[in-house]
Amino acid sequence: MKMELKFRVAARIAKPVHEVFEAVADPAQLSRYFTTGGAQGRIETGAVVTWDFHDYPGAFPVHVIEVVQDEKIVLEWAAYEGQAPGVEGGTMADAAYRTRVTMTFKPLDDGRTLVEIAEGGWRETQAALDGSYGNCHGWTQMLCALKLWVERGINLRADFYV
């Protein structure tokens, strides 16, 4: 039986879709609450932007496959296979293929925005499974940080890793 490594995480954010979408697409905002080492380049179809994290040193490229304003962002980046740094045996070696991240933004009847993030495309190996768990954790943390940033102007990740 073929196993497909993928996940989906979601959060409801008490702000209108456009405001939530812009907090992700705008590198200045993304740098304030998620990419702790900074983000370079606006998320637009066909762009290659750069994200840097204090917990994963070294900026890396993020390929923007598709953007539908206020609705969807599709990204690809190097597949991560392995445990997070700081974990015994942890490594930052990326695999030689990409995974795909799809973010959707949906307005809710009560004025909130539902943000869903799905990622998939890992190989069927233990290292890839470990990498997918790490990314699931990271995207869940991103949604928590996004919520606090957009709703309250608080950077959840400030001084979290350094």
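Below or above, wherever it landed, is the structure these notes cover. As the structure is a prediction and not an experimental result, all values here were calculated from the model.

## Considering the overall build of the chain
Okay, step 1: On a plain count of helices and strands, the chain comes out with three helices and seven strands.
Okay, step 2: Along the chain, from the amino end to the carboxyl end, the secondary structure elements read β-α-α-β-β-β-β-β-β-α.
Okay, step 3: Among the 162 residues that make up the chain, the fraction classed as buried is 40%.
Okay, step 4: Contacts spanning at least 24 positions in sequence make up 52% of the contacts within the chain whose residues lie at least 6 apart.

## Some remarks on the pairing of strand β7 (residues 113-122)
Okay, step 1: When you tally the buried positions in β7, you get nine out of ten residues, the bulk of the element.
Okay, step 2: Note: strand β1 (residues 5-13) against β7, nine bridges, orientation antiparallel. The residue of β7 that forms the bridge with V9 is I117.

## Notes on helix α3 (residues 126-152)
Okay, step 1: Between its first and last C-alpha atoms α3 spans 39 Å; for 27 residues at 1.5 Å apiece the expected length is 39 Å, and the two agree.
Okay, step 2: Of the residues one or two after α3, G153 is the one with positive phi, at around 70°.

## Things to note about the pattern of salt bridges
Okay, step 1: Counted under the stated rule, the structure contains ten salt bridges.
Okay, step 2: Residue R42 is joined to E44 by a salt bridge in which the shortest nitrogen-to-oxygen separation is 4.0 Å.
Okay, step 3: Under the relative-accessibility criterion, E44 is labelled partly exposed at 43%.
Okay, step 4: The salt bridge involving R98 is made with E76; its shortest N-O contact spans 3.3 Å. Pair noted here: R98 is in strand β6 (residues 94-107) and E76 is in strand β5 (residues 72-80), with a separation of 22 residues, a long-range link.
Okay, step 5: With relative accessibility at 40%, the residue R98 sits in the partly exposed group.
Okay, step 6: Relative accessible area serves as the criterion here: at 16%, E76 is assigned to the buried category.
Okay, step 7: Sharing partners across several salt bridges, the network here consists of R8, K106 and E116.

## Side note on helix α1 (residues 17-25)
Okay, step 1: Burial analysis of α1 places seven of its nine residues in the buried class, the great majority of the element.
Okay, step 2: Three or more residues of α1 are buried, namely V17, V20, F21, E22, A23, V24 and A25.

Thresholds applied
Residues numbered from 1 in each chain as written. Predicted model: local features only at pLDDT ≥ 70, side-chain atom pairs only at ≥ 80, totals over all residues. Heavy atoms only, no water. Helix = DSSP H or I, 4+ residues; strand = E, 2+ residues; numbered from the N terminus. Buried < 20%, exposed > 50% of the residue type's maximum accessible area, 1.4 Å probe, protein only. Contact = heavy atoms within 4.5 Å. Pairing = 2+ DSSP bridges. Expected span 1.5 Å × (residues − 1). Salt bridge = Lys/Arg side-chain N within 4 Å of Asp/Glu carboxyl O.

Purely geometric numbers; function is a separate question.
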